[in-house]
Amino acid sequence: MAIKSKGKTKARPASKGPRRGPVPVPKPFAQRRWVQLTALFIAGLLAMTVFVWATNGLRRERASNQAASDLASRQQALSKWKAILEPQITAVGQLKGDIPPTVASDVTALTGSAKGLGTAAKAIDTFDLAGTITEQGFDVASAAALTSSKAEIVEGLRLYQQAAELAALALSSPKPLKAELAAHAKAVLDSGTTLLQTGWNKYASTLRLSELVAGGSPSVGTGLGG
C-alpha cells in the first residue's frame, strides 16, 4: 500500500508564449523612396515648364522687337521712294489715293505733254529703288513687287510720252495720215494705261503692308502742261 507524502505540492508555472522580435518603426512618409522620386519628377516637370515658358517669352519678345525694327526700316525706305514717285506723278497727272489711275480717253488731251511725261519717267527711273530697299526688312515678294511696279510705272509714262508725240504729229498731218496716227496713239495710250495701273496697284499694296498710304493714284492726261 502506497504511503502519500504529506508535503505541499508545487504549482506548475504557466506556459509562456513565443518571444516576439523587435517591431520595425515605419519611415516617415516624406522619407520614403518612392515619395522622394515622385517629388523629384514633379519638380523636374515644373522646372522644365518654367524654362520653356521663359524661353518662349524671350523669343516672342525678340520677334516682336525685330518686327518693329523691320517695319520702321521699311517705312523709312518707302518714304524715300514716295518722295520721288508721287511728286513726279503729280507733275503730269492727278493723284487719287489707292484708286487705279484714270487717264484721258481722248489722245488729244495729251498734246503738248510729251516733254513733261519724259521728264517724270526719267526722274523715277533714275532713283535707286533696289539699293534703297535692300536689307531694310522687305521680304522677297514685297521687294519684287516694288521693283516691278517701278519698271511698269516708268514704261507706262514713256508710252504716254509716245502717245503724246503721236497725237501732236497727227494734228499737223494730212487727213488720211491723221486718222492712222491717232489710232496708233490711242493703242499706245491704252498700253500705257494698263502698265501704269498695274504698277501703281503694286506700289499702293506694298505701302499698305507697311502701314503707309499712297498719296493717290495717277490720272495722266488731264491738266497737263506743255
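Read on for an overview of the structure. Values in this document were obtained by computation on a predicted structure and should not be read as measured data.

To continue, consider the overall build of the chain. Looking only at helices and strands, the chain has five helices and zero strands in total. Secondary structure of the chain in N-to-C order comes out as α-α-α-α-α.

Attention shifts here to unusual backbone geometry. The bulk of non-glycine residues show a negative phi, and the bulk of peptide bonds are trans. Phi at Glu135 is positive, roughly 55°, even though this residue is not glycine. Following the sequence through the fold, Glu135 ends up in the loop between α3 (129-133) and α4 (140-171). In the Ramachandran plot, Glu211 falls in the positive-phi region, its phi being about 60° despite a non-glycine side chain. Residue Glu211 is classed as exposed on the basis of its relative accessible area, which comes to 60%.

For the rest of this paragraph, the subject is helix α2 (residues 114-126). The end-to-end C-alpha separation of α2 is 18 Å, in line with the 18 Å expected for 13 residues at 1.5 Å each. Buried within α2 we find Ala114, Leu117, Gly118, Ala120, Ala121 and Ile124. For α2, the arc enclosing every buried residue in end-on projection is 160°, short of the 170-degree limit, so these residues lie on one face. Set apart from the buried face of α2 by more than 90 degrees, the exposed residues are Lys115, Lys122 and Thr126.

This next bit is on the packing of aromatic side chains. If you walk through the whole model with that rule in mind, you get two aromatic pairs. On the numbers, 5.4 Å between centres and 20° between planes, the contact of Trp81 with Phe127 is stacked. Of this pair, Trp81 sits in helix α1 (residues 33-92) while Phe127 sits in the loop between α2 and α3; the two residues are 46 residues apart in sequence, bridging distant segments of the chain. Both residues of the pair, Trp81 and Phe127, belong to the buried class.

Evaluation of the coordinates by the stated rule reveals four salt bridges. For Arg158, the salt bridge goes to Asp125, with nearest N and O atoms at 3.1 Å. In this pair, Arg158 sits in helix α4 while Asp125 sits in helix α2, placing the two residues 33 residues apart along the sequence. Arg158 gets classed as partly exposed once you look at its relative accessible area, which sits at 32%. Here Lys202 and Glu152 are joined by a salt bridge, their closest N and O atoms 3.0 Å apart. Residue Lys202 is located in helix α5 (residues 175-209), and its partner Glu152 is located in helix α4; the two are separated by 50 residues in the primary sequence. Of the residues examined, Glu152 reaches a relative accessible area of 15% and is grouped as buried.

Residues Phe41, Ile42, Leu45 and Leu46 make up a contiguous nonpolar surface patch of about 430 Å² in total accessible area. Within the secondary structure, Leu45 is located in helix α1. Leu45 gets classed as partly exposed once you look at its relative accessible area, which sits at 46%.

We now examine the packing of α2 against α4. At a closest axis distance of 8 Å, the pairing of α2 and α4 adopts a crossing angle of 165°. It follows that α2 is roughly antiparallel to α4 by the angle criterion. Between α2 and α4 lies a crossing whose hand is left-handed. Each of Ala114, Leu117, Gly118, Ala120, Ala121, Ile124 and Asp125 in α2 lies in contact with α4, whose residues at this interface are Lys150, Ile153, Val154, Leu157, Arg158, Tyr160, Gln161, Ala164 and Glu165. Counted by class, the contact of α2 with α4 contains 10 nonpolar, two polar and four charged residues.

Looking at the secondary structure, you find Ser148 in helix α4. For Ser148, a relative accessible area of 24% translates into the label partly exposed. With 51 residues separating them along the chain, Ser148 and Gly199 place their C-alpha atoms 7.0 Å apart.

The rules behind each value
- Residues numbered from 1 in each chain as written.
- Predicted model: local features only at pLDDT ≥ 70, side-chain atom pairs only at ≥ 80, totals over all residues.
- Heavy atoms only, no water.
- Helix = DSSP H or I, 4+ residues; strand = E, 2+ residues; numbered from the N terminus.
- Buried < 20%, exposed > 50% of the residue type's maximum accessible area, 1.4 Å probe, protein only.
- Expected span 1.5 Å × (residues − 1).
- Arc of directions from axis to C-beta.
- Phe/Tyr/Trp six-rings, centres within 6.5 Å; stacked < 30°, edge-to-face > 60°.
- Salt bridge = Lys/Arg side-chain N within 4 Å of Asp/Glu carboxyl O.
- Patch = residues over 30% accessible without salt bridge, like charges linked within 9 Å, V, L, I, M, F, W, Y side chains within 5 Å.
- Areas by Shrake-Rupley, 256 points an atom, 1.4 Å probe, with all protein chains shown as cover.
- Axes fitted to C-alpha atoms, helices over the stretch in contact; angles between N-to-C directions.
- Parallel < 35°, antiparallel > 145°, perpendicular 65-115°, else oblique.
- Left-handed = near helix turned anticlockwise from the far one by under 90°.
- Contact = heavy atoms within 4.5 Å.
- Nonpolar A, V, L, I, M, F, W, Y, C, P; charged D, E, K, R; others polar.

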